[in-house]
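# Breakdown of the fold
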Amino acid sequence: MTRIIKKISEWKEIRNSDELKNKTVGFVPTMGALHKGHISLIEKCVNENDISVVSIFVNPTQFNDPNDLRNYPRTFEEDLAILKNHNVDFLFYPEYEEIYQDNYKYRIVETDFSKKLCGAFRPGHFEGVLTIVMKLFNIIRPHKAYFGEKDYQQLKLIDGMCKAFFMDIEIIPCPIVRDEDGLALSSRNLLLSKEEREFSLNFPKLLASNKTKEQIKKELEELGFKVDYIEEFEGRRFGAVHVGKVRLIDNVKL
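Since the model is a prediction, treat every value here as computed from it, not as a measurement.

## Quick word on the overall build of the protein chain
Summing up its helical and strand segments, the protein chain has 11 helices and 9 strands in all. Judged by the C-alpha coordinates and their principal axes, the protein chain covers about 60 × 40 × 35 Å. Per-residue burial over the protein chain gives 53% buried out of 254 residues. Each charge class in the protein chain can be summarised by its mean position, and for the 38 positive and 40 negative side chains these summaries are 2 Å apart.

Structural data, given as structure tokens:
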């Protein structure tokens, strides 16, 4: 049975209780609208720890576009059913006022990698991401936390933050999960029309091709994509494109 916790004070009592004493705690932070990618993280978390915690919090501080925040899919009942079916012990489900008691006056800023790739096109995004993750880590106090490699830049920044601040948390990277047709799973995929969903398949196909990043960008633009970037870094190729009102990101190993 998945227990829903909405208050930090309630979780602190549980975290400090005999119930969790000498037990390993695994954590999967999410914004909900759970899909098979999330489920792969959750299954790994449940299998590798005594206690599993998932958070659902649509974090407004990481959205540079108010419309993106407004349209972000929210599927709480379906999400809760998934957590119960996968034997998650706790769901942390706080309100904004509970998390941002300072109204976002204090924030975590990374001054290098967060300004590249997605950060160059989404000002303030990674400040919001790192701040919410730091808050959640300090609340949940997990031993391990699980993040997907689809958001590879996010994964690297969170791992770097933990090392920089000497946080005793192991960051576990998990492989990208794709639909059978190759599109990387994302909660935002729910916002694509049937035609846009079909059109989107050109993105992962070209990204994984043997063409140069310049050729890939040119072909995507000729097809009608708005391309933020196609870049290569640490043996991976990264891309971000817009399909209608939906922004898609992906990366592949070279």
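## Structural notes on the sheet that holds strand β5 (residues 144-148)
Sheet strands pair via backbone hydrogen bonds, and the direction of the pair is either parallel or antiparallel. Spatially, 6 strands are ordered β1-β4-β3-β2-β5-β6 in an open sheet, and the strand pairing comes out parallel. If you trace the sheet from one side to the other, it starts and ends with β1 (3-5) and β6 (170-174), each paired once. Adjacent strand axes in the sheet meet at a mean angle of 25° when their direction is disregarded. When strand β3 (residues 51-56) meets strand β4 (residues 90-92), the two strands line up parallel, connected through 3 bridges. Note on β4: the bridge partner recorded for S55 is F92.

## What to know about the side chain of S187
Relative to the helices and strands, S187 resides in the loop between β6 and α9 (194-200). The exposure class of S187 is buried, given its relative accessible area of 4%. When residues no more than four places from it in sequence are discounted, the contact partners of S187 are G32, A33, H35, H38, Y72 and P73.

## Some thoughts on the sheet that holds strand β8 (residues 236-243)
Across the sheet, which stays open at both edges, the 3 strands sit in the order β7-β8-β9 with antiparallel pairing between neighbours. Of all the strands in the sheet, the pair left with one neighbour each is β7 (226-233) and β9 (246-253). If you compare each strand with its neighbour and ignore which way they point, the axes differ by 10° on average.

## Focus on helix α2 (residues 36-48)
Compared with the 18 Å implied by 1.5 Å per residue over 13 residues, the 18 Å span of α2 between its first and last C-alpha is a close match. Buried residues of α2: G37, H38, I39, L41, I42 and C45, and no others. Considering only its buried residues, α2 is in contact with β2 (25-30), β3, α4 (76-85), β5 and β6.

## Some details on the pairing of β8
Two faces belong to every sheet, and in a regular strand the side chains alternate between them. For β8, the tally of buried residues reaches 8 of 8 residues, placing the bulk of the element in the interior. Here β8 shows a buried face lined by R236, F238, A240 and H242 and a second buried face lined by R237, G239, V241 and V243. Bridge count for β7 against β8 is 7 bridges, and the pairing is antiparallel. Bridge pairing in β8 links V227 to V241.

## With respect to the environment of Q215
Looking at where Q215 falls in the secondary structure, it is placed in helix α11 (residues 213-223). Each C-alpha atom of the pair Q215 and A33 lies 34 Å from the other, and the pair is 182 residues apart in sequence.

## Focus: the side chain of N189
Relative to the helices and strands, N189 is located in the loop between β6 and α9. Given the relative accessible area of 12%, N189 is considered buried. For N189, the side chain forms a polar contact with the main-chain oxygen of A184, separated by 3.1 Å. Excluding residues within four positions of it along the chain, N189 makes contact with L183, A184 and L248.

## Regarding the pattern of salt bridges
Summed over the entire model, instances satisfying the criterion amount to 21 salt bridges. Note that K144 is salt-bridged to E48, the shortest N-O span being 3.9 Å. Here the residue K144 occupies a position in strand β5, and E48 occupies one in helix α2, the gap between them amounting to 96 residues. Using a relative accessible area of 23% as the deciding quantity, one classes K144 as partly exposed. Given the relative accessible area of 32%, E48 is considered partly exposed. For K213, the salt bridge is made with E231, and the minimal N-O distance between the two is 3.3 Å. Taken together, the positions of K213 in helix α11 and E231 in strand β7 put the pair 18 residues apart, joining distant regions of the chain. Exposure remark for K213: the relative accessible area of 25% places this residue in the partly exposed category. On the accessibility criterion, E231 (32% relative accessible area) is partly exposed. Members of the salt-bridge network, linked through shared partners, are K44, E48 and K144.

Procedures and definitions
- Residues numbered from 1 in each chain as written.
- Predicted model: local features only at pLDDT ≥ 70, side-chain atom pairs only at ≥ 80, totals over all residues.
- Heavy atoms only, no water.
- Helix = DSSP H or I, 4+ residues; strand = E, 2+ residues; numbered from the N terminus.
- Buried < 20%, exposed > 50% of the residue type's maximum accessible area, 1.4 Å probe, protein only.
- Lys, Arg positive; Asp, Glu negative; His and termini not counted.
- Charge placed at Lys NZ, Arg CZ, Asp CG, Glu CD.
- Pairing = 2+ DSSP bridges.
- Axes fitted to C-alpha atoms, helices over the stretch in contact; angles between N-to-C directions.
- Contact = heavy atoms within 4.5 Å.
- Expected span 1.5 Å × (residues − 1).
- Polar contact = N/O pair within 3.5 Å; in protein donor to acceptor, adjacent residues only side chain to side chain.
- Salt bridge = Lys/Arg side-chain N within 4 Å of Asp/Glu carboxyl O.

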